[in-house]
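Summary of structural features
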Amino acid sequence: DCYLAILSLIFVTIYSIAYIRSTYLALVGIVQILCTLPITYLVCYFAFGLDTLGIMNVLSLYLLLGIGVDDLYVFKDSFERESATDALVRGPTKFRCCHKSLDDDEVRL
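Below you will find a few notes about this structure. All of these numbers come straight from a predicted model, not from anything done at the bench.

Let us now look at the overall build of the protein. A count of helical and extended segments in the protein gives four helices and zero strands. Ordering the α and β elements of the protein from the N terminus gives α-α-α-α. Split into buried and exposed, the 109 residues of the protein put 24% on the buried side. Restricting the contact set of the protein to residue pairs at least 6 apart, pairs at least 24 apart contribute 59%. Within the structure as shown, the protein displays about 8000 Å² of accessible surface, and the carbon and sulfur contribution to it stands at 71%.

Its volume calculated, the largest pocket comes out at about 220 Å³. Along the walls of the largest pocket sit Ile20, Arg21, Ser22, Leu25, Val28, Gly29, Gln32, Leu72, Phe75, Lys76 and Glu80, which together make up its complete lining. Mapped onto the lining of the largest pocket, the elements with two or more residues apiece are helix 2 (23-48) and helix 3 (55-81). Looking at the second largest pocket, its volume works out to about 180 Å³. As for the second largest pocket, its lining consists of Leu37, Thr40, Tyr41, Cys44, Leu53, Asn57, Val58, Ser60 and Leu61. Mapped by element, the contributors of at least two residues to the lining of the second largest pocket are helix 2 and helix 3. Of the residues belonging to the lining of the second largest pocket, the class tally is six nonpolar, three polar and no charged.

All right, on to helix 3 then. The end-to-end C-alpha separation of helix 3 is 40 Å, in line with the 39 Å expected for 27 residues at 1.5 Å each. Regarding helix 3, the residues found buried are Leu61, Leu65, Val69, Leu72, Tyr73, Val74, Lys76 and Ser78.

It is worth spelling out the side chain of Lys76 at this point. Within the fold, Lys76 resides in helix 3. In this structure, Lys76 is in contact with Tyr19, Ile20 and Arg21, ignoring residues within four places of it in sequence.

Our next topic: the environment of Ser8. Secondary-structure assignment places Ser8 in helix 1 (residues 2-20). The spatial distance from the C-alpha of Ser8 to the C-alpha of Tyr62 is 8.5 Å, given a sequence separation of 54 residues. Residues contacting Ser8, with those up to four places away along its chain left out, are Tyr62 and Leu65.

What follows deals with the packing of helix 1 against helix 2. Describing two packed helices takes the angle between their axes plus the distance from one axis to the other. Interhelical geometry of helix 1 versus helix 2 gives an angle of 145° and a closest axis separation of 8 Å. Between helix 1 and helix 2 lies a crossing of right-handed hand. Residues Leu9, Val12, Thr13, Ser16, Ile17 and Ile20 of helix 1 lie in contact with helix 2, whose contacting residues are Thr23, Leu25, Ala26, Leu27, Ile30 and Leu34. Here the contact of helix 1 with helix 2 is composed, by residue class, of nine nonpolar, three polar and no charged.

What counts as what
Residues numbered from 1 in each chain as written. Predicted model: local features only at pLDDT ≥ 70, side-chain atom pairs only at ≥ 80, totals over all residues. Heavy atoms only, no water. Helix = DSSP H or I, 4+ residues; strand = E, 2+ residues; numbered from the N terminus. Buried < 20%, exposed > 50% of the residue type's maximum accessible area, 1.4 Å probe, protein only. Contact = heavy atoms within 4.5 Å. Areas by Shrake-Rupley, 256 points an atom, 1.4 Å probe, with all protein chains shown as cover. 1 Å grid on protein atoms, 1.4 Å probe; cavity = no way out; pocket = protein on both sides within 12 Å on 5 of 7 lines; lining within 4 Å. Points joined across faces, edges and corners; volume = space filled by probe spheres on them. Nonpolar A, V, L, I, M, F, W, Y, C, P; charged D, E, K, R; others polar. Expected span 1.5 Å × (residues − 1). Axes fitted to C-alpha atoms, helices over the stretch in contact; angles between N-to-C directions. Left-handed = near helix turned anticlockwise from the far one by under 90°.

By themselves these figures say nothing about function.
Printed below as a string of structure tokens:
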């Protein structure tokens, strides 16, 4: 199962690099997604007293990877859509647009 998780992570990383067309942004996005795993383990350990990882905890890797990569793609598409705005207002406008896109995306789930 560990090999399948690593294989799926590699596949998603390669697909993200191809889709975003930026190796740096894709790798930073994947690293941010992977950084949620130790935080989740620490919360489970200190808050709930769980010191072992069960099968459901391992399956959360796929859930976190799917949701995190989806948000990464939504941000990328929103930034491309708003690229024609003035450079001075681009940052706040893009953040509002991305925030609205993420809210709309979560409502569809």
